Amino acid sequence: MVVNPPRSTYSLQIMPAGLIFSIVVMVVAVLALSSGNNLLYILVSLLVASLIFSLFASRAVLSRIDFQLRYPERVVAGEAATFALTLVNRRRLLPVTSLTVALVEQPPGSWKRTRFDYGYLPLLPRRTEALVARERSFARRGVWRIRSVRLASR
């Protein structure tokens, strides 16, 4: 069975280093406002500009990446099945680096979602595609729902 994804969603997770950077920006902003030093105002503006730029850059890194997931329609419990994920980089200029792919699944009879790390691509050059194939076995019978495919870059 071949699954073409619907519209992609974008979520941003702030890492610990980003949280520390944001706290430093706030501290410098408070110091600039309390002292009135023009050099601190320039420093705050540079820090805020780099924070805003990193938000836009993180969105641009994962833009124009398409994927197609292929898996068998029926799988026997305990036996391995091959899942094939084709990633296509449609960007004209820049490659995608350090790309992590994961499947988010929901086991039968459970509300809990599990994450299955699918693969890691160190480089996906511009206007190319890559095939990542993994074998996966399921411990028990039932309908396993693939809720989403997660692409992450750090």
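Shown above is the structure to which this text applies.
Residues numbered from 1 in each chain as written. Predicted model: local features only at pLDDT ≥ 70, side-chain atom pairs only at ≥ 80, totals over all residues. Heavy atoms only, no water.

Trainee: Give me the sheet that holds strand 5 (residues 114-124): which residues, what numbers.
Mentor: The 3 strands are arranged 5-4-7 in an open sheet whose pairing can be described as antiparallel. Either end of the sheet is taken by a strand with one partner, and the two such strands are strand 5 and strand 7 (145-153). In this sheet, adjacent strand axes meet at a mean angle of 20° when their direction is disregarded. As paired strands, strand 4 (residues 96-106) and strand 5 are joined by 9 bridges and run antiparallel to one another. Bridge pairing links Leu99 to Leu121 in strand 5. (Pairing = 2+ DSSP bridges. Helix = DSSP H or I, 4+ residues; strand = E, 2+ residues; numbered from the N terminus. Axes fitted to C-alpha atoms, helices over the stretch in contact; angles between N-to-C directions.)

Trainee: Please give an account of the nonpolar core that cites residues and values.
Mentor: If you look at the biggest cluster of nonpolar residues, it comprises 19 residues, and the most contacted ones within it are Leu85, Leu87, Leu103, Tyr118 and Val149. Apart from the residues lying within four places of it in its own chain, the contact partners of Leu85 are Phe67, Gln68, Leu69, Val101, Tyr118, Ala130, Leu131, Val132 and Val149. Core analysis: the second largest hydrophobic core is formed by 5 residues, Val25, Val28, Val44 and Leu47 among them. (Core = buried A, V, L, I, M, F, W, Y, C linked by side-chain atoms within 4.5 Å. Buried < 20%, exposed > 50% of the residue type's maximum accessible area, 1.4 Å probe, protein only. Contact = heavy atoms within 4.5 Å.)

Trainee: An account of a nonpolar patch on the surface is needed here, citing residue identities and associated values.
Mentor: On the surface, a cluster of nonpolar side chains totalling about 660 Å² of accessible area is made up of Leu12, Ile14, Leu19, Ile23, Val27, Leu31 and Leu55. Residue contributions to the nonpolar patch peak at 4 residues, all from helix 1 (residues 16-35). Mapping Val27 onto the fold places it in helix 1. Judged by its relative accessible area of 45%, Val27 is partly exposed. (Patch = residues over 30% accessible without salt bridge, like charges linked within 9 Å, V, L, I, M, F, W, Y side chains within 5 Å. Areas by Shrake-Rupley, 256 points an atom, 1.4 Å probe, with all protein chains shown as cover. Salt bridge = Lys/Arg side-chain N within 4 Å of Asp/Glu carboxyl O.)

Trainee: I'd like a description of the pattern of salt bridges, backed by residues and values.
Mentor: One pass over the structure, following the stated rule, counts 2 salt bridges. One salt bridge connects Arg90 with Asp66, and the closest N-O pair in it is separated by 2.6 Å. Highlighted residues: Arg90 in the loop between strand 3 (80-89) and strand 4 and Asp66 in strand 2 (residues 65-70), separated in sequence by 24 residues. With a relative accessible area of 33%, Asp66 lands in the partly exposed category. Linking Arg136 and Glu105 is a salt bridge whose minimum nitrogen-to-oxygen distance equals 2.6 Å. Highlighted residues: Arg136 in strand 6 (residues 128-137) and Glu105 in strand 4, separated in sequence by 31 residues. We classify Glu105 as buried; its relative accessible area is 2%.

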